[in-house]
Amino acid sequence: MTDDRIILPISDMPRQWYNALPDLPTPLAPPLDPQTKQPITPEQLSVIFPNALIEQEMSPKRLIDIPEPVLDIYRLFRPTPLKRARRLEQAIGTKCRIYYKDESVSPAGSHKTNTSVPQVYFNKIEGVKRLSTETGAGQWGTALSFACNMLGMTCTVYMVKVSYEMKPYRQILMRMYGGEVFPSPSDRTNSGRAMLARDPGCKGSLGLAISEAVEDAATHEDTKYTLGSVLNHVLLHQSVVGLETQKQLAMAGEKPDYLVGCVGGGSNFGGFVLPFLPQKLQGENITFVAAEPKACPSLTRGAYRYDYGDVARLTPLMKMHTLGHAFMPAPIHAGGLRYHGDAPIVCNLHAEGLVDARAYYQNECFEAAKLFLSTEGYLPAPETSHAIKAAIELAKTAKPGSVIAFLYSGHGLLDLASYDAFLKGELTNFELPQEDIDSALKDCPAI
């Protein structure tokens, strides 16, 4: 350990995931069958998920062992460093101490690898040959392609069309890992063809890409669906981030006052903060801050209700903060944050007042990313820039001596087209009109 880089020994890497379900103050509302509106059964989920992941999704166990083959791949990049952002502190003149957990060091360049590896592993041991999935900015598709390559499986990725066009190098990396990538909406599925018939110029959404990936899995016997965010088992896998951070802050003699992460579906934020939930519930003064775009403000302005996870209404109904499954987001450059809902666990805690959500314009987040680059030297993903913006704002107003830790969820080295648009002054600040939210929510089911 140095003053600025806290490196956890490999021998101290977590060997169990933390499951927040048993610790929630209010039990999580069950997912519902989209047809009957009754709680869904494990047998119904087995059409698209392997049994091991279904068990994790509903597990009452607080700690779940990480299989050795998963740990073996984790060791390629884990534990990840916790760093002190001293130069950033000096630049903004704060008396707070700012730390960031650097998940950009994974082979795929983001936190997503923490769940892609176990998801592929559990599918493989149950005999699945191929996986289908969606991706927004491309980080999840890249992580899944990496994991499939490591474990000898194949995958099909439906990438939101606006990101497919903005981020061509993500496609190349996925294909280098052996994945096949298609822009969504595509002509490969009924869901995609229906959308193209209604709107030939549709730029897509994560909800639509999910519909295509779920349909692909449900119509091929050798294929299962896999999701990079939202679901309980995904946040479970991501808990290695927060568990490591706990140990690293203790090594530095620090206790966090604020934990900050960006939120699209909620996987990186949940994985970062949930291991600290028992401490918060026991009375420790820790504030969980979720940062999201004003263009897709599901936590800050969405309704807390049951809704579908996808446009075609193929997924189970989940109780979450939602902008409406039919919501078609503006083509902002933080493609990974363009989802209409959020993880039910994160939404449950937000509804309980245990998560503080804040929304920002994309230009102010890119300005924060530029400041981080000029002080700490690293270019963040556009999604990550929202966490940086929130951390900077906190550091300007928090009590001197406060400890702020944020999750540096991914690098921006494959997002240079977005930064080029920012430098040219081509980015617009879009705030979702209330009438658009009200309109999209009309299609939500009455439960």
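Residues numbered from 1 in each chain as written. Predicted model: local features only at pLDDT ≥ 70, side-chain atom pairs only at ≥ 80, totals over all residues. Heavy atoms only, no water.

**Q** I'd like a rundown of the side chain of Thr 226, residues and numbers included.
**A** With respect to the helices and strands, the residue Thr 226 is situated in the loop between β9 (223–225) and α11 (232–251). Classification of Thr 226 by relative accessible area gives buried; the value is 0%. At 2.2 Å, the side chain of Thr 226 forms a polar contact with the side chain of Gln 119. Every residue in contact with Thr 226, bar those within four places of it in the chain, is listed here: Gln 119, Leu 131, Ser 132, Thr 133, Glu 134, Trp 140 and Leu 144. (Helix = DSSP H or I, 4+ residues; strand = E, 2+ residues; numbered from the N terminus. Buried < 20%, exposed > 50% of the residue type's maximum accessible area, 1.4 Å probe, protein only. Polar contact = N/O pair within 3.5 Å; in protein donor to acceptor, adjacent residues only side chain to side chain. Contact = heavy atoms within 4.5 Å.)

**Q** For the side chain of Lys 101, give the residues involved together with the corresponding values.
**A** Mapped onto the elements of the fold, Lys 101 is located in strand β5 (residues 97–102). A distance of 2.7 Å separates polar atoms of two side chains, one belonging to Lys 101 and the other to Glu 244.

**Q** Please give an account of the sheet that holds strand β1 (residues 5–6) that cites residues and values.
**A** If you trace the seven strands from one edge of the open sheet to the other, you get β1-β4-β5-β15-β10-β11-β14, paired in mixed fashion. With one partner strand each, in any of the chains shown, β1 and β14 (356–360) form the two edges of the open sheet. As paired strands, β1 and strand β4 (residues 82–84) are joined by two bridges and run antiparallel to one another. Bridge pairing links Arg 5 to Lys 83 in β4. (Pairing = 2+ DSSP bridges.)

**Q** I'd like a description of the pattern of salt bridges, backed by residues and values.
**A** A full pass over the atoms with the stated rule returns 21 salt bridges. When the shortest N-O distance is used, the salt bridge between Lys 83 and Asp 102 registers 3.0 Å. Taken together, the positions of Lys 83 in strand β4 and Asp 102 in strand β5 put the pair 19 residues apart, joining distant regions of the chain. The exposure classification of Lys 83 matches that of Asp 102, with both residues buried. Two residues, Arg 358 and Asp 356, come together in a salt bridge whose shortest N-O distance is 3.0 Å. (Salt bridge = Lys/Arg side-chain N within 4 Å of Asp/Glu carboxyl O.)

**Q** Any chance you could break down the nonpolar core for me, citing the residues and the numbers?
**A** Membership of the largest hydrophobic core comes to 90 residues, with the highest contact counts inside it found for Trp 17, Tyr 74, Tyr 225 and Phe 288. In this structure Tyr 225 touches Ile 48, Phe 49, Ser 132, Thr 133, Glu 134, Ile 210, Ala 213, Val 214 and Ala 217, once residues within four positions along its chain are discounted. If you look at the next biggest cluster of nonpolar residues, it comprises 27 residues, including Ala 85, Cys 96, Leu 337 and Ala 387. (Core = buried A, V, L, I, M, F, W, Y, C linked by side-chain atoms within 4.5 Å.)

**Q** I'd love a proper account of the sheet that holds β9, names of residues and values included.
**A** Adjacent strands of a sheet form backbone hydrogen bonds with each other and so pair up, either parallel or antiparallel. With parallel pairing, four strands are arranged side by side in an open sheet as β8-β7-β6-β9. Every interior strand has two partners, whereas the edge strands, β8 (180–184) and β9, have only one. Strand-to-strand twist in this sheet, taken as the mean axis angle between neighbours without regard to direction, amounts to 25 degrees. Running over the sheet, helix α8 (residues 168–176) touches β6 (130–135), β7 (154–160) and β8 and is turned about 170 degrees from β7. (Axes fitted to C-alpha atoms, helices over the stretch in contact; angles between N-to-C directions.)

**Q** Can you break down the pairing of β5 residue by residue, with the values?
**A** The buried count for β5 comes to five of six residues, which makes it a mostly enclosed element. As defined by bridge partners, β4 adjoins β5 across three bridges and the pair is classed as antiparallel. The partner of Arg 84 across the bridge, within β5, is Tyr 99.

**Q** Report on the packing of helix α5 (residues 113–124) against α11, specifying residues and quantitative values.
**A** Close contact between α5 and α11 brings their axes to 8 Å; oriented N to C, the two are set at 125 degrees. Relative to α11, α5 is oriented oblique. Both α5 and α11 take part in a crossing whose hand is right-handed. Where α5 abuts α11, its residues Asn 114, Thr 115, Pro 118 and Gln 119 lie against His 233, Val 234, His 237, Gln 238, Val 240 and Val 241. Taken together, the residues that form the contact of α5 with α11 break down as four nonpolar, six polar and no charged. (Parallel < 35°, antiparallel > 145°, perpendicular 65-115°, else oblique. Left-handed = near helix turned anticlockwise from the far one by under 90°. Nonpolar A, V, L, I, M, F, W, Y, C, P; charged D, E, K, R; others polar.)

**Q** Now, about a nonpolar patch on the surface: what can you tell me, with residues and values included?
**A** Among the surface-exposed residues, Tyr 169, Ile 172 and Met 176 lie close enough to one another that they form a single nonpolar patch of about 370 Å² accessible area. Considering the arrangement of structural elements, one finds Met 176 in helix α8. (Patch = residues over 30% accessible without salt bridge, like charges linked within 9 Å, V, L, I, M, F, W, Y side chains within 5 Å. Areas by Shrake-Rupley, 256 points an atom, 1.4 Å probe, with all protein chains shown as cover.)

**Q** A description of the packing of aromatic side chains should follow, citing residues and the corresponding values.
**A** Overall, the coordinates contain 12 aromatic pairs when judged by the stated rule. Centroid distance Tyr 100 to Phe 406: 5.6 Å. Interplanar angle 20 degrees. Geometry classified as stacked. Here Tyr 100 is found in strand β5, whereas its partner Phe 406 is found in strand β15 (residues 403–408), with 306 residues between them in sequence. Across the pair, exposure class does not vary: Tyr 100 and Phe 406 are buried alike. For the ring pair Tyr 100 and Tyr 408, a centre distance of 5.6 Å and an interplane angle of 50 degrees mean the geometry is tilted. Taken together, the residues Tyr 100 in strand β5 and Tyr 408 in strand β15 connect sequence positions 308 residues apart. According to the relative accessible area criterion, Tyr 100 is buried, its value standing at 2%. (Phe/Tyr/Trp six-rings, centres within 6.5 Å; stacked < 30°, edge-to-face > 60°.)

**Q** How would you explain the layout of surface pockets if you had to name every residue and give the values?
**A** Empty space within the largest pocket amounts to approximately 470 Å³. The wall of the largest pocket is formed by 29 residues, among which Pro 31, Glu 57, Leu 231, Asn 232 and Met 318 lie closest to the centre. Listing elements by their share of the lining of the largest pocket, those giving two or more residues are α2 (51–58), α10 (206–218), α11 and β13 (317–322). (1 Å grid on protein atoms, 1.4 Å probe; cavity = no way out; pocket = protein on both sides within 12 Å on 5 of 7 lines; lining within 4 Å. Points joined across faces, edges and corners; volume = space filled by probe spheres on them.)

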